[in-house]
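For reference, the chains in residue letters:
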Amino acid sequence: MNRIDRLTAILTHLQSKRRVRASELAARFEVSLRTIYRDVRSLEESGVPIIGEAGQGYSLVEGYRLPPIMFSREEALALLVAEKMVEKSLDAQNSKSFKEALIKIKAVLKSTEKDFLVEVEDTIKVLKTNSSRSMNMSSKAFQLVLQAISEKKVIASTYVTFDPEHTTHRELEPVGLFHSYEQWYLMAYCRLRKDYRTFRLDRFTVLDITDISYSTAKHPSLQSYLDKIASEQKLYQIILEVPDGSLKYIANSKYNNGFVSEKRVDKLTEMTFMSSSIEGFVRWIISLGDMVLVKEPPLLRARLAELIGEIKEMQG
């Protein structure tokens, strides 16, 4: 990128947030901090009203450029969610192009909407997604949770567990949302259990923002919580052998069951999965019948044989 293009891009980037640190600009444009300082000084000399605060970064004087398009908070949030989803579903080049385009769009947001996006940026994570499927979530619940996070308000909720089905009423201090295996989840401190819990968003039947405030300082970040869960969770490596004729039947469902990689072995495809639940995985495998062969681990093969026996006995 030549200097003129970089100066234009820096100006656009400055309009996408209330404040931008020099280190952020240096990382984006892959130049030194000294180069960024020189570029910002050139913009100032050309008449761009840039405010530089020690330790805070750069910002533009409010109203320097009147945005030609006004986005609502919901529209701005949709852009942020799209950015998170695209990052996991597109190839590296297209993902980079999308991010560059999104920065230009963010440049026309009002300062209040820029602040809102900065506030919720780290409270949304996409761990795994299959781009051919749509997000299964309640839009109203999603918006409400992020509003509660932004305002630091406790949520009053009614939640229904899956197995066994049980309804509880809880007060939650929301920490963040993350997307995994085609579902959105809320990570929050549960005042009922006095501990952190993960909740599937579509299992809430009631969600209301209360007037009770809470402090985020005492809570871990969403990323640190996810890292802790991953380190504590026991994962099983599972290897399946799949004939060519069966591949199309599991092309989509494999992403919901911990798919990691695959490789050709003779006339078969060997698929590797990582799963925390042998029971959950074996019940998916049994639905595939004769389309797959379990190679590892022995524990899974044994449970599969046992379950087949239980089904035979139940069916008489």
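Just so you know, these numbers come straight off a predicted model, no measurement behind them.

1. Considering the overall build of the protein
Turning to step 1, where the next piece is worked out: A count of helices and strands for the protein gives 10 helices and 12 strands.
Turning to step 2, where the next piece is worked out: Looking at the protein as a whole, 41% of its 316 residues are labelled buried.
Turning to step 3, where the next piece is worked out: Pairs at least 24 residues apart make up 62% of the contacts formed inside the protein by residues separated by at least 6 positions.
Turning to step 4, where the next piece is worked out: With an accessible surface of roughly 17800 Å², the protein has 52% of that area assigned to carbon and sulfur atoms.

2. Here's the deal with the packing of helix H1 (residues 3–14) against helix H2 (residues 22–29)
Turning to step 1, where the next piece is worked out: In contact at an axis separation of 11 Å, H1 and H2 are set at 135° when each is read in the N-to-C sense. It follows from the interaxial angle that H1 and H2 lie oblique. Crossing hand, H1 versus H2: right-handed. Across the interface between the two elements, Arg-6, Ala-9, Ile-10 and His-13 of H1 pack against Glu-24, Leu-25, Arg-28 and Phe-29 of H2.

3. Remarks on the layout of surface pockets
Turning to step 1, where the next piece is worked out: In this structure, the second largest pocket occupies an estimated 730 Å³ of space.
Turning to step 2, where the next piece is worked out: Together, 23 residues line the second largest pocket, and His-13, Glu-24, Arg-28, Lys-99 and Ile-103 are the ones closest to its centre.
Turning to step 3, where the next piece is worked out: Going through the elements one at a time, H1, H2, helix H5 (92–106) and helix H6 (111–120) are the ones with two or more residues in the lining of the second largest pocket.
Turning to step 4, where the next piece is worked out: Broken down by element, the residue count for the lining of the second largest pocket peaks at five residues, all from H5.

4. Here's the deal with the pairing of strand S2 (residues 57–60)
Turning to step 1, where the next piece is worked out: Judged by which residues are buried, S2 turns out to be covered on both faces: Gly-57 and Ser-59 on one side and Tyr-58 and Leu-60 on the other are all buried.
Turning to step 2, where the next piece is worked out: Pairing between strand S1 (residues 50–53) and S2: four bridges, direction antiparallel. Of the residues in S2, the one forming a bridge with Ile-51 is Ser-59.

5. So, the nonpolar core
Turning to step 1, where the next piece is worked out: With 30 residues, the main nonpolar core has Phe-142, Trp-184 and Leu-201 as its most contacted residues.
Turning to step 2, where the next piece is worked out: Elements with a minimum of two residues in this core: helix H4 (73–89), H6, strand S3 (124–126), helix H7 (139–151), strand S4 (153–160), strand S5 (167–180), strand S6 (183–190) and strand S8 (204–213).
Turning to step 3, where the next piece is worked out: In terms of nonpolar packing, the next biggest core, distinct from the first, is built from 19 residues, Leu-240, Ile-250, Leu-300 and Leu-307 among them.

6. A short note on the pattern of salt bridges
Turning to step 1, where the next piece is worked out: Throughout the structure, instances matching the rule amount to 19 salt bridges.
Turning to step 2, where the next piece is worked out: Between Glu-279 and Arg-303 there is a salt bridge, with its nearest N and O atoms 2.8 Å apart. Linking Glu-279 in helix H9 (residues 278–287) with Arg-303 in helix H10 (residues 298–315), this pair joins segments that are 24 residues apart in sequence.
Turning to step 3, where the next piece is worked out: By relative accessible area, Arg-303 is classed as buried at 14%.
Turning to step 4, where the next piece is worked out: Each member of the salt-bridge network shares a partner with another, and the members are Glu-279, Arg-283, Arg-303, Glu-306 and Glu-310.

7. Quick look at the sheet that holds strand S11 (residues 268–275)
Turning to step 1, where the next piece is worked out: Strands sit in the order S10-S11-S9-S12 across an open sheet of four strands; the sheet is antiparallel. Taken across any chain shown, the strands that pair with only one partner, and hence form the sheet edges, are strand S10 (259–265) and strand S12 (293–296). With direction set aside, neighbouring strand axes in the sheet form an average angle of 30°.
Turning to step 2, where the next piece is worked out: Judged from the three bridges that link them, strand S9 (residues 236–243) and S12 form a sheet pairing that is antiparallel.

8. Overview of the packing of aromatic side chains
Turning to step 1, where the next piece is worked out: Counted under the stated rule, the structure contains 11 aromatic pairs.
Turning to step 2, where the next piece is worked out: Judged by centre distance (5.4 Å) and plane angle (15°), the rings of Phe-178 and Tyr-185 are stacked. Assigned by exposure class, Phe-178 and Tyr-185 land together as buried.
Turning to step 3, where the next piece is worked out: In this structure, Lys-218 packs its charged tip against the face of Tyr-189, placed 5.8 Å from the ring centre.
Turning to step 4, where the next piece is worked out: The cationic tip of Lys-254 hangs over the ring face of Phe-259; the distance from NZ or CZ to the ring centre is 4.3 Å.

9. Let's talk about the confidence of the model for the protein
Turning to step 1, where the next piece is worked out: Mean pLDDT for the protein: 81, with 88% of residues reaching 70 or above.
Turning to step 2, where the next piece is worked out: The secondary-structure element of the protein with the lowest mean pLDDT is H5, recorded at 71, while S4 shows the highest, at 94.

Calculation rules
Residues numbered from 1 in each chain as written. Predicted model: local features only at pLDDT ≥ 70, side-chain atom pairs only at ≥ 80, totals over all residues. Heavy atoms only, no water. Helix = DSSP H or I, 4+ residues; strand = E, 2+ residues; numbered from the N terminus. Buried < 20%, exposed > 50% of the residue type's maximum accessible area, 1.4 Å probe, protein only. Contact = heavy atoms within 4.5 Å. Areas by Shrake-Rupley, 256 points an atom, 1.4 Å probe, with all protein chains shown as cover. Axes fitted to C-alpha atoms, helices over the stretch in contact; angles between N-to-C directions. Parallel < 35°, antiparallel > 145°, perpendicular 65-115°, else oblique. Left-handed = near helix turned anticlockwise from the far one by under 90°. 1 Å grid on protein atoms, 1.4 Å probe; cavity = no way out; pocket = protein on both sides within 12 Å on 5 of 7 lines; lining within 4 Å. Points joined across faces, edges and corners; volume = space filled by probe spheres on them. Pairing = 2+ DSSP bridges. Core = buried A, V, L, I, M, F, W, Y, C linked by side-chain atoms within 4.5 Å. Salt bridge = Lys/Arg side-chain N within 4 Å of Asp/Glu carboxyl O. Phe/Tyr/Trp six-rings, centres within 6.5 Å; stacked < 30°, edge-to-face > 60°. Lys NZ or Arg CZ within 6 Å of the ring centre and 35° of its normal. pLDDT = per-residue confidence, 0-100.

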